[in-house]
Amino acid sequence: MALSEVHKDRGELRIHENLDELGTDLADYIAELSEASVKERGVFAIALSGGSLIGLMGKLCEAPYNKTVDWAKWYIFWADERGVAKTHADSNYKLAKDGLLSKVPIVPSHVHSINDSLSAEEAANDYEFVIRQLVRTRTISVSDISDSPKFDLILLGMGADGHVASLFPNHPVLDANNEWVTFITNSPKPPPERITFTLPVINSASNVAVVVAGEDKAEAVHLAIDDVGPDHPPLPARMVQPTKGKLVWFLDKLAASKLDSSQFSE
Ligand SMILES: O=C(O)[C@H](O)[C@@H](O)[C@H](O)[C@H](O)COP(=O)(O)O
């Protein structure tokens, strides 16, 4: 049985007994947001990350979701990508293609992957340009308080160091405020070159979900969610604070094991 709680300023926490339960809840959540967005806007603009997230989304390829989700209305983006060819084992595009996109009827022209034939800097500029065109036509909605794109859903994983997308702790990329998409060439997690959404774009989304499993992430989950005071410089995951959108954490009980448990009720 999942524990669910709305933390006073860190969004909704959904804590699951095991990965199977987490995967079912995540698939339900994505399917519901897709339905609501298609009803409201006629499309669903979703941004993916890499890592274990894609495997945890696996139930979307199975019944009932493979038949009930309106896949033709999905537009796919990446919150971050690694500086490798799309055929490389490290590519976030390849991970999503093999694990999800090739298994459901997504329209190929709706898949907006990051150009792998450019330098990291050029690819970031090119991706921002692509997103600008799609904001103009409202395939991607626009924030009503800035000119930022407003994705219907941005899905993030989190590293044991508290990074999300390719926004790493103490890295100047955390201060990138003028761009929608930027790049780094010195990622502490290989490969070194990466393209990433900036925090303003993540925080302008209608919905942001952070999906985290495993005991090695428990300390970072605690630092990202609990009131830990000013002695701890905020982790990138703590800087995920949608201005008007909704934040949901999908955790397994191991990742949640260091949270101040007093805040939960069944
Ligand atoms: O390309 C990447 O590396 C990711 O987008 C990154 O932000 C990932 O989501 C986290 O590192 C968590 O990855 P794991 O879930 O595999 O630990």
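What you see is a predicted model, and the numbers here were worked out from it, not measured in a lab. (Residues numbered from 1 in each chain as written. Predicted model: local features only at pLDDT ≥ 70, side-chain atom pairs only at ≥ 80, totals over all residues. Heavy atoms only, no water.)

(A) Here's a closer look at the overall build of the protein. Regarding its fold elements, the protein presents seven helices and 12 strands. For 266 residues, the compact-globule estimate of 2.2 N^0.38 gives 18 Å, and the protein sits close to it at 17 Å. In terms of its C-alpha atoms, the protein occupies a principal-axis envelope of roughly 45 × 45 × 40 Å. The proportion of buried residues among the 266 residues of the protein is 54%. Across the protein, every contact between residues at least 6 apart in sequence was considered, and the portion connecting residues at least 24 apart equals 72%. For the protein, the accessible area works out to roughly 11600 Å², and carbon and sulfur atoms hold 51% of it. Averaging the locations of the 25 positively and 38 negatively charged side chains of the protein gives two centres separated by 5 Å. (Helix = DSSP H or I, 4+ residues; strand = E, 2+ residues; numbered from the N terminus. Rg over C-alpha atoms; globule rule 2.2 N^0.38 Å. Buried < 20%, exposed > 50% of the residue type's maximum accessible area, 1.4 Å probe, protein only. Contact = heavy atoms within 4.5 Å. Areas by Shrake-Rupley, 256 points an atom, 1.4 Å probe, with all protein chains shown as cover. Lys, Arg positive; Asp, Glu negative; His and termini not counted. Charge placed at Lys NZ, Arg CZ, Asp CG, Glu CD.)

(B) Up close: the sheet that holds strand 9 (residues 181-184). What the three strands build is an open sheet, ordered 5-10-9; its pairing is antiparallel. Of all strands in the sheet, those with a lone pairing partner are strand 5 (80-82) and strand 9, marking the two edges. Each strand of the sheet is rotated relative to its neighbour by a mean of 15°, with strand direction disregarded. Where strand 9 meets strand 10 (residues 194-197), four bridges bridge the pair, whose relative direction is antiparallel. By the bridge assignment for strand 10, Phe183 is matched with Ile195. (Pairing = 2+ DSSP bridges. Axes fitted to C-alpha atoms, helices over the stretch in contact; angles between N-to-C directions.)

(C) Structural detail: the pairing of strand 10. Where burial is concerned, the two faces of strand 10 agree: the one with Arg194 and Thr196 and the one with Ile195 and Phe197 are both buried. Across three bridges, strand 5 lies against strand 10 in antiparallel orientation. Bridged to Arg82 within strand 10 is Arg194.

(D) The arrangement of the sheet that holds strand 2 (residues 11-16) in detail. An order of 1-2-12-11-8-3-4 is seen for the seven strands of this open sheet, with the pairing classed as mixed. Looking at the sheet topology across the chains shown, the edges are occupied by strand 1 (3-7) and strand 4 (74-78). Each strand of the sheet is rotated relative to its neighbour by a mean of 20°, with strand direction disregarded. Two strands pair when backbone bridges link them, and strand 11 (residues 207-212) and strand 12 (residues 246-252) are joined in this way by six bridges, in the parallel orientation.

(E) Representation of the packing of aromatic side chains within the structure. Per the stated rule, a full pass over the model turns up six aromatic pairs. For the pair Tyr29 and Phe250, a centre-to-centre distance of 4.9 Å together with 65° between the ring planes defines the contact as edge-to-face. Pair noted here: Tyr29 is in helix 1 (residues 19-41) and Phe250 is in strand 12, with a separation of 221 residues, a long-range link. On the accessibility criterion, Tyr29 (5% relative accessible area) is buried. Centroid distance Phe77 to Phe151: 5.2 Å. Interplanar angle 65°. Geometry classified as edge-to-face. Of this pair, Phe77 sits in strand 4 while Phe151 sits in the loop between strand 7 (149-150) and strand 8 (153-157), placing them 74 residues apart in sequence. Phe77 gets classed as buried once you look at its relative accessible area, which sits at 0%. Here the aromatic residues Phe44, Trp71 and Trp74 are joined through ring pairs into a cluster of three or more. Between Lys86 and the ring centre of Tyr93, over which it is positioned, the NZ or CZ distance is 5.6 Å. The ring of Trp180 carries the charged tip of Arg132 above its face, separated from the ring centre by 3.9 Å. (Phe/Tyr/Trp six-rings, centres within 6.5 Å; stacked < 30°, edge-to-face > 60°. Lys NZ or Arg CZ within 6 Å of the ring centre and 35° of its normal.)

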